[in-house]
Amino acid sequence: MAVLGSIGLRLWGPAPALSQSLRAFSTTHGAAAAVSAEQLAEKLRAQKREEQKQEEPKNPVLRRVRELSELSKQLQRVHPNVLAKELKHRILYQNEELVVIDKPYGLPVHGGPGIQNCITDVLPILAKMLDGMKAEPLHLCHRLDKETTGVMVLARDKDTAHRIQCLFKTRQVEKKYWTISVGLPVPSEGLVDIPIVEKEVESHQSHYKMTLAPNYRISPENGKMVKVRRNRDAHSAATRYRILASSPSCSLLELQPITGVKHQLRVHLAYGLGCPILGDHKYAHWSKLAPQKLPENTLMRLGLEQAKVRHLPLHLHAHQLTLPTGTCGDKELHLVCRPPRFFRNTLKRLKLEIPESLEK
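Residues numbered from 1 in each chain as written. Predicted model: local features only at pLDDT ≥ 70, side-chain atom pairs only at ≥ 80, totals over all residues. Heavy atoms only, no water.

The chain goes by Pseudouridylate synthase RPUSD4, mitochondrial in an unreviewed UniProt entry, where it is assigned to Gopherus evgoodei. According to its UniProt record, the chain has this under Sequence similarities (unreviewed entry): "Belongs to the pseudouridine synthase RluA family." Quoted straight from UniProt, the Subcellular location (unreviewed entry) entry for the chain says "Mitochondrion". (UniProt positions renumbered as here; feature names shortened; annotations may be inferred.)

Written out as structure tokens, the structure is:
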């Protein structure tokens, strides 16, 4: 967005619209008179400005969502050096062992099919920007999903990375996420302790999702709780949650994952509490891939029609990490990251106010 604009993105690839406009202009005016290169360029620039003006959404929410979508696309097209420079601007904390960044929305941590840029690929470049050309590449200590924003810890050497990774695996790192949920969980504070398993969804478009694999079920005969056989492929999963702010149809929640199962927070909220994360279209429905259905009250406050809900981004933010005493000194290390602009704008529209004690 604004930050990327300030560092000057250099996008790769041809511009089809410009080439088509050039041919059309040349065909129409070539026989009449020779046109200078400056006149032609100015005409094409004016035409492009007019096209962008016509395509610009009038709805402010859709405009911001479009900006976010464009940001994600731009991050995939920029030169790796530009992406590394952007991550450098996002450094929250650093010392002789760690570099902590604010991960942007839409940027994957690892590579894969269709991914041109990811955080892993630019870590050697970022290290050289920080510590000189002979610097050892930075190392990942944990990961966040592509759509998740917030605190991400990198290590300056392999030994530190291994030490931090062990802290995550042995659950010694306290993690706190902020999310906007559709609906209000009952009770307002509690613990979801339900195993999670990955299953294939048989539908017109077969796909895989994580889902709950509970150890208990309600007996249809007498309504009592009955223990069931544990699914051998299921992973234990526990999430603490509490409401920080609420409105008639949405909540600002603080989530504290005790375990680290894939999509744990999303699954526990959607299927365990019945309060899916705003913008989580993957877990909006079990048997199909479709945008989530939002209450009329929420649509009105966001200024959206249901048909446009598919554009809403996932509102999940890694707000705080606390590394235990002895990790990097004789005190706990609290790493805090403010939510991104689109997240704060949504809070404002939904009239969800962050408690003052948490803003400091």
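Caption draft 1: A look at the overall build of the chain. Along the backbone of the chain there are 11 helices and 14 strands. Here the chain holds 360 residues, and 44% of them are scored as buried. The contacts of the chain with a sequence gap of at least 6 include a subset with a gap of at least 24, amounting to 64%. By element, 51% of the accessible surface of the chain is carried by carbon and sulfur atoms, the whole surface being about 19,900 Å². (Helix = DSSP H or I, 4+ residues; strand = E, 2+ residues; numbered from the N terminus. Buried < 20%, exposed > 50% of the residue type's maximum accessible area, 1.4 Å probe, protein only. Contact = heavy atoms within 4.5 Å. Areas by Shrake-Rupley, 256 points an atom, 1.4 Å probe, with all protein chains shown as cover.)

Caption draft 2: Representation of the packing of aromatic side chains in the model. Counted under the stated rule, the structure contains 3 aromatic pairs. An angle of 70° between the planes, with centres 5.5 Å apart, marks the rings of Tyr105 and Phe342 as edge-to-face. Within this pair, whereas Tyr105 is found in the loop between strand S2 (98–103) and helix H6 (119–131), its partner Phe342 is found in helix H10 (residues 341–349), the two being separated by 237 residues in sequence. No difference in accessibility class separates Tyr105 from Phe342, as the two residues are buried. (Phe/Tyr/Trp six-rings, centres within 6.5 Å; stacked < 30°, edge-to-face > 60°.)

Caption draft 3: View of H10. Along H10, the residues that are buried comprise Phe342, Phe343, Thr346 and Leu347. The arc that holds every buried residue of H10, seen down its axis, measures 145°, which confines them to one face. Where H10 ends, the next residue or the one after it, Lys351, has phi of about 60°, a positive value. (Arc of directions from axis to C-beta.)

Caption draft 4: Quick look at the pattern of salt bridges. What the rule picks out here adds up to 10 salt bridges. Residue Arg156 is joined to Asp131 by a salt bridge in which the shortest nitrogen-to-oxygen separation is 2.4 Å. Pair noted here: Arg156 is in the loop between strand S4 (149–155) and helix H7 (158–169) and Asp131 is in helix H6, with a separation of 25 residues, a long-range link. In this structure, Arg242 engages Glu254 in a salt bridge whose closest nitrogen and oxygen atoms are separated by 2.8 Å. Of the two residues, Arg242 sits in strand S11 (residues 238–246) while Glu254 sits in strand S12 (residues 250–257), which places them 12 residues apart along the sequence. Relative accessible area serves as the criterion here: at 9%, Glu254 is assigned to the buried category. Put simply, Arg143, Asp145, Arg266 and Asp280 are held in one network by salt bridges that share partners. (Salt bridge = Lys/Arg side-chain N within 4 Å of Asp/Glu carboxyl O.)

Caption draft 5: Region of interest: the environment of Tyr271. Residue position: Tyr271 is located in helix H8 (residues 264–273). Taking relative accessible area as the criterion, Tyr271 reaches 25% and is therefore assigned partly exposed. Sequence-wise, Tyr271 and His285 are 14 residues apart; in three dimensions their C-alpha atoms are separated by 9.8 Å. Dropping the residues within four chain positions of it, Tyr271 is found in contact with Lys209, Met210, Thr211, Leu212, Tyr283, His285 and Trp286.

Caption draft 6: Local environment of a nonpolar patch on the surface. A surface patch of nonpolar side chains, amounting to about 350 Å² of accessible area, comprises Tyr216, Ile218 and Met225. Topologically, Ile218 is positioned in strand S9 (residues 216–218). (Patch = residues over 30% accessible without salt bridge, like charges linked within 9 Å, V, L, I, M, F, W, Y side chains within 5 Å.)

Caption draft 7: Looking closely at the pairing of strand S13 (residues 316–323). Across the 8 residues that make up S13, a large majority, 8, are buried. Relative to S13, S4 is paired through 2 bridges, and the arrangement is parallel. Each residue of the ladder has a partner; that of Gly150, found in S13, is Ala318. Bridging between strand S5 (residues 174–182) and S13 involves 6 bridges; their strand directions are antiparallel. Paired with Trp178 across the two strands is His317, which belongs to S13. Bridge count for S13 against strand S14 (residues 333–336) is 4 bridges, and the pairing is antiparallel. What sits directly across from Leu323, in S14, is Leu333. (Pairing = 2+ DSSP bridges.)

Caption draft 8: A look at the side chain of His207. Within the secondary structure layout, His207 lies in strand S8 (residues 207–212). The exposure class of His207 is buried, given its relative accessible area of 9%. Residues within four places of His207 in sequence aside, it is in contact with Lys199, Glu200, Val201, Trp286, Lys288 and Leu289.

Caption draft 9: View of H7. Here H7 contains 12 residues, and its C-alpha end-to-end distance of 16 Å stays within 8% of the 16 Å for a straight helix at 1.5 Å per residue. Of all the residues in H7, the buried ones are Thr160, Ala161, Ile164, Leu167 and Phe168. Angular distribution of buried residues about the axis of H7 spans 120°; they occupy a single face of the element. The exposed set on the far side of H7, more than 90 degrees from its buried face, consists of Lys158, Asp159, His162 and Lys169. Close packing links the buried residues of H7 with S2, strand S3 (139–140), S4, S5 and S13. Measuring from the side-chain oxygen of the N-cap residue of H7 to the backbone nitrogen of Asp159 gives 3.2 Å; that N-cap residue is Asp157. (Expected span 1.5 Å × (residues − 1). Polar contact = N/O pair within 3.5 Å; in protein donor to acceptor, adjacent residues only side chain to side chain.)

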